[in-house]
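What follows is each chain in one-letter form.
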Amino acid sequence: MWLYWMGEIILKGGDISYFARQRLEVNEARLERQNVSPSEPLGGEEGIKEEDKAYEKENWENLVFRYEEPNPMVRWDSPLFTVVWEDEKVPGDAIWDAIIGDDSEGKRKIVKPNAATVAKVHSSEGFLYELDKTTQVVLNRILEWSKDHPGEGGGEVSIGENSKGEELVVELPGNPVGLPTLQRLRRQFISLQRTNAVSVERIKETFVRYLNDSFEA
């Protein structure tokens, strides 16, 4: 759903519509008031309410440059509600019905669960325990390497082998990685596994790959 505020319209070819030009004039007037010397009454940002503050000229031009007019004919811009700059009210009831539905007529919308909102049931017992234990073992290996190589970065830490007998190696970044960063990455990985879990046998391999990808980013 889109709420199309016509005060921000920029027409094709770079021409500013009447409503957008009006909005531009309002913004320029606010800029002038905002740039008044603070020594004068109500001058400077201190004397301006938050809702009356202006866009900086550069920010305004960026908004104009990035603007894409919504099209009600395409799915991702529909339903589209148009609100003219002078309108004192928005079509609140219509927006509510589009999002929630009309409960009085039994048309309240039902939100269907999808892969992003439904947590997977872990196939093996003790999965979370194994997830916690295995990821902590990997972190301990990295911390042990860091103790033996204080202040160094860019090393390779062997984490053992995967289920196929292949060696797993964590490639550390050029800058030393501290415990807070490792703990944060571990928490993120565990959160991902709660909804998109791998098998117990692949936890270590997947976590090592996750760390390597994070360090390269």
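For the record of the protein, the UniProt heading Sequence similarities (unreviewed entry) holds the text "Belongs to the KTI12 family."

### What about the nonpolar core?
In terms of nonpolar packing, the biggest core is built from 23 residues, with Ile142, Val170, Leu211 and Phe215 touching the most fellow members. The contacts of Leu211, once residues within four sequence positions are left out, are Val138, Ile142, Val170 and Leu185.

### Some points on the confidence of the model for the protein
This prediction gives the protein a mean pLDDT of 76; 71% of its residues lie at or above 70. Confidence drops under pLDDT 50 across residues 1-15; counting only partners more than four residues distant or on other chains, this segment forms 50 contacts.

### Some remarks on the packing of helix α4 (residues 127-148) against helix α5 (residues 179-195)
Interaxial distance between α4 and α5 falls to 11 Å at its minimum, and their mutual angle equals 155°. Comparing their axes, α5 and α4 come out roughly antiparallel. Judged by the twist between their axes, the crossing of α4 over α5 is right-handed. Here Phe127, Leu128, Leu131, Asp132, Thr135, Gln136, Leu139, Ile142 and Leu143 of α4 lie close against α5, whose contacting residues are Leu179, Leu182, Gln183, Arg186, Phe189, Ile190, Gln193 and Arg194.

So, how was this worked out
Residues numbered from 1 in each chain as written. Predicted model: local features only at pLDDT ≥ 70, side-chain atom pairs only at ≥ 80, totals over all residues. Heavy atoms only, no water. UniProt positions renumbered as here; feature names shortened; annotations may be inferred. Core = buried A, V, L, I, M, F, W, Y, C linked by side-chain atoms within 4.5 Å. Buried < 20%, exposed > 50% of the residue type's maximum accessible area, 1.4 Å probe, protein only. Contact = heavy atoms within 4.5 Å. pLDDT = per-residue confidence, 0-100. Axes fitted to C-alpha atoms, helices over the stretch in contact; angles between N-to-C directions. Helix = DSSP H or I, 4+ residues; strand = E, 2+ residues; numbered from the N terminus. Parallel < 35°, antiparallel > 145°, perpendicular 65-115°, else oblique. Left-handed = near helix turned anticlockwise from the far one by under 90°.

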